[in-house]
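Here are the chains, one letter per residue:
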Amino acid sequence: MAKSTLSTIAKQANLSIASVSRVLNKPHLTSPITQSKVYKAIEELNIDIHDNFKSSMNTNGSNKILVLDNQFITRTLINCGLEQTLKQAGYIIFYFRFPYQTKKDIYYLIKYINQNNFAGILIINDAAYLSELRHFKKILPPLVLINHFSLNYACVYFDHLVIGYQITQYLLNNSHTKIAVLFNDNNNHSSILFLQGYKQALLRKNITINTNYLIPNCITYEHGRSAIKRLINSNNPPTAIVCCDNTNLNYLDENYHNEQHYLSPYSVVLGAVHQANESEAQLMQPLIITYLSHSQNRQYNELNRLSRINKPLYEMGKASATLLCKRINNNKKTIKQCHIIEAESIFY
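Cut-offs applied
Residues numbered from 1 in each chain as written. Predicted model: local features only at pLDDT ≥ 70, side-chain atom pairs only at ≥ 80, totals over all residues. Heavy atoms only, no water. Phe/Tyr/Trp six-rings, centres within 6.5 Å; stacked < 30°, edge-to-face > 60°. Helix = DSSP H or I, 4+ residues; strand = E, 2+ residues; numbered from the N terminus. Buried < 20%, exposed > 50% of the residue type's maximum accessible area, 1.4 Å probe, protein only. Lys NZ or Arg CZ within 6 Å of the ring centre and 35° of its normal. Contact = heavy atoms within 4.5 Å. Salt bridge = Lys/Arg side-chain N within 4 Å of Asp/Glu carboxyl O. Pairing = 2+ DSSP bridges. Axes fitted to C-alpha atoms, helices over the stretch in contact; angles between N-to-C directions. Core = buried A, V, L, I, M, F, W, Y, C linked by side-chain atoms within 4.5 Å.

**Q** Before we move on, could you go through the packing of aromatic side chains and cite the residues and values that matter?
**A** Counted according to the given criterion, the structure contains 11 aromatic pairs. Ring centres of F94 and F118 lie 5.7 Å apart, and the angle between their planes is 70 degrees; this geometry places the pair in the edge-to-face category. With a gap of 24 residues between them, F94 in strand β2 (residues 92–96) and F118 in the loop between α5 (106–116) and β3 (120–124) connect regions that are remote in the sequence. Note on F94: relative accessible area 28%, which makes it partly exposed. Centre to centre, the rings of F98 and Y129 are 5.2 Å apart; their planes meet at 70 degrees, and the pair counts as edge-to-face. Taken as a pair, F98 in the loop between β2 and α5 and Y129 in the loop between β3 and α6 (130–133) lie far apart in primary sequence, 31 residues in all. These aromatic residues form a ring-pair network of at least three members: F94, F96, F98, Y100, Y112, F118 and Y129. Just above the ring of F94 sits the side chain of K64; from NZ or CZ to the centre is 5.6 Å. The lysine or arginine in question, R97, covers the ring of Y251, its NZ or CZ lying 4.0 Å from the ring centre.

Given below as structure tokens:
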């Protein structure tokens, strides 16, 4: 970094130029208070310093793994899978929820990573800070992104386009042409891909897509009930419903901050099933409901009788941790950048 820029930051932080230089180049030799002053000054001055950031990490022999968990629903089977694999490999896991608000906040994350000398990083789900974090890849330890596709990172993900196509095709093969979808967010990448698969299946059967059958913002039990009630009372009710899951939602998204009353990962489909049962007298024929599950284990409720596509989150967690271990051990030449976890159809 130019001496004039270091001088500007030093003046703003009321520190010496040498102190600012040490924070950027050798943060392990500086105190948290000094680092905070420098990062605050950088934010106030709106200076982009990512090209000048230096890594102080020497991860040889480190047994610490950082998990940045962005999941809206915490403690999923992804966590169970990765924890089992990492602990068996002798690693200690540090969970961190990074409350990213501005672009400059990324410097605090880099500081945290530098100070703790992590051997590797796992990031669960998409997050706004990923676009900024990629500028620092050269100074970061091996990193794997879980449950989100990205060209910028090694990643383990589900092909939601194929999942959307397969579950819609199953319903079409069972004589359903009026198929509604309950999903969470128009802007969520997994929802966009799922709907593309859904539409492809319909178009290949020359069936016109009815946009009234696409019901967004379904996250909770009550959302599921309300959506089914509205569809049943419409002029052209569907004969089949697909309930998507919420595993790709990001806790940092402000749209979901008030949705803290979900019951389980299956809240939406449970609400849909219960409303369909209550409205059975209004139906000309039974309403078929399918959904996306996360385990082949029995639920011991109405969900056991439904057709579904299983997304093995536990296997995803294990595969992600295994991939990270390989990257830590410098086996990069023998491993792919992106890994698809295959979904499992459970159709009756």
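**Q** I'd love a proper account of the environment of L292, names of residues and values included.
**A** Looking at the element boundaries, L292 is found in strand β9 (residues 288–293). A relative accessible area of 3% places L292 in the buried class. Through-space distance from the C-alpha of L292 to that of I113 is 35 Å; in sequence the pair is 179 residues apart. Leaving out residues up to four positions away in the same chain, L292 has contacts with I163, I167, F194, C243, C244, D245, Y266, I309 and K311.

**Q** Report on the pattern of salt bridges, specifying residues and quantitative values.
**A** Per the stated rule, a full pass over the model turns up 3 salt bridges. A salt bridge links R75 to E83; the nearest nitrogen and oxygen atoms lie 2.4 Å apart. With its nearest N and O atoms 2.9 Å apart, the salt bridge here joins E278 to R225. Note that E278 is positioned in helix α10 (residues 267–278) and R225 in helix α9 (residues 221–232), a separation of 53 residues in sequence. A relative accessible area of 56% places E278 in the exposed class.

**Q** Can you break down the sheet that holds β9 residue by residue, with the values?
**A** Spatially, 6 strands are ordered β7-β6-β8-β9-β10-β12 in an open sheet, and the strand pairing comes out mixed. Strand pairing shows two members of the sheet lacking a second neighbour, β7 (214–215) and β12 (344–346), which therefore form its edges. Of the strand pairs in this sheet, strand β6 (residues 179–182) and β7 are connected by 2 bridges, and their pairing is parallel. Across the sheet, the residue bridging to V181 is L214, located in β7. Across the sheet, helix α8 (residues 189–204) lies against β6, β7, β8 (240–243) and β9, angled at about 180 degrees from β6, the strand it touches most. Contacting β6, β7 and β8, α9 crosses the sheet at an angle of about 155 degrees to β6.

**Q** So what's going on with the nonpolar core? Residues and values would help.
**A** Counting residues in each nonpolar core, the largest one holds 67 residues, and the members touching the most others are L82 and L182. Per-element accounting of this core gives the leading share, 7 residues, to helix α11 (residues 313–328). Discounting chain neighbours no more than four positions away, the residues touching L82 are V67, I93, Y95, L122, I124, I146, G317, K318 and A321. The next biggest cluster of nonpolar side chains, apart from the first, holds 36 residues, and it includes L24, L130, I139 and Y157.

**Q** So what's going on with the sheet that holds strand β4 (residues 143–146)? Which residues, and what values?
**A** Taken in spatial order, the 6 strands line up as β2-β1-β3-β4-β5-β11 in an open sheet, and their pairing is parallel. Each of the sheet's edge strands pairs with one partner strand only, and the pair in question is β2 and β11 (338–340). Here the strands of the sheet are splayed against their neighbours by 20 degrees on average, with no regard to which way each runs. Two elements, strand β1 (residues 64–69) and β2, share 5 bridges in a ladder whose sense is parallel. Pairing of V67 across the sheet is with Y95, part of β2. The strands that α5 touches are β1, β2 and β3; relative to β1, the one it contacts most, it runs at about 160 degrees.

**Q** Talk me through the pairing of β3; I want residue IDs and the actual numbers.
**A** Burial runs high along β3: 5 of the 5 residues are buried. With burial as the criterion, each face of β3 is covered, one bearing G120, L122 and I124 and the other bearing I121 and I123. The pairing of β1 with β3 spans 5 bridges and is parallel. Bridge assignment links D69 to a residue of β3, and that residue is I124. Here β3 pairs with β4 via 4 bridges, running parallel. Looking at the pairing, I121 lines up with L143 of β4.

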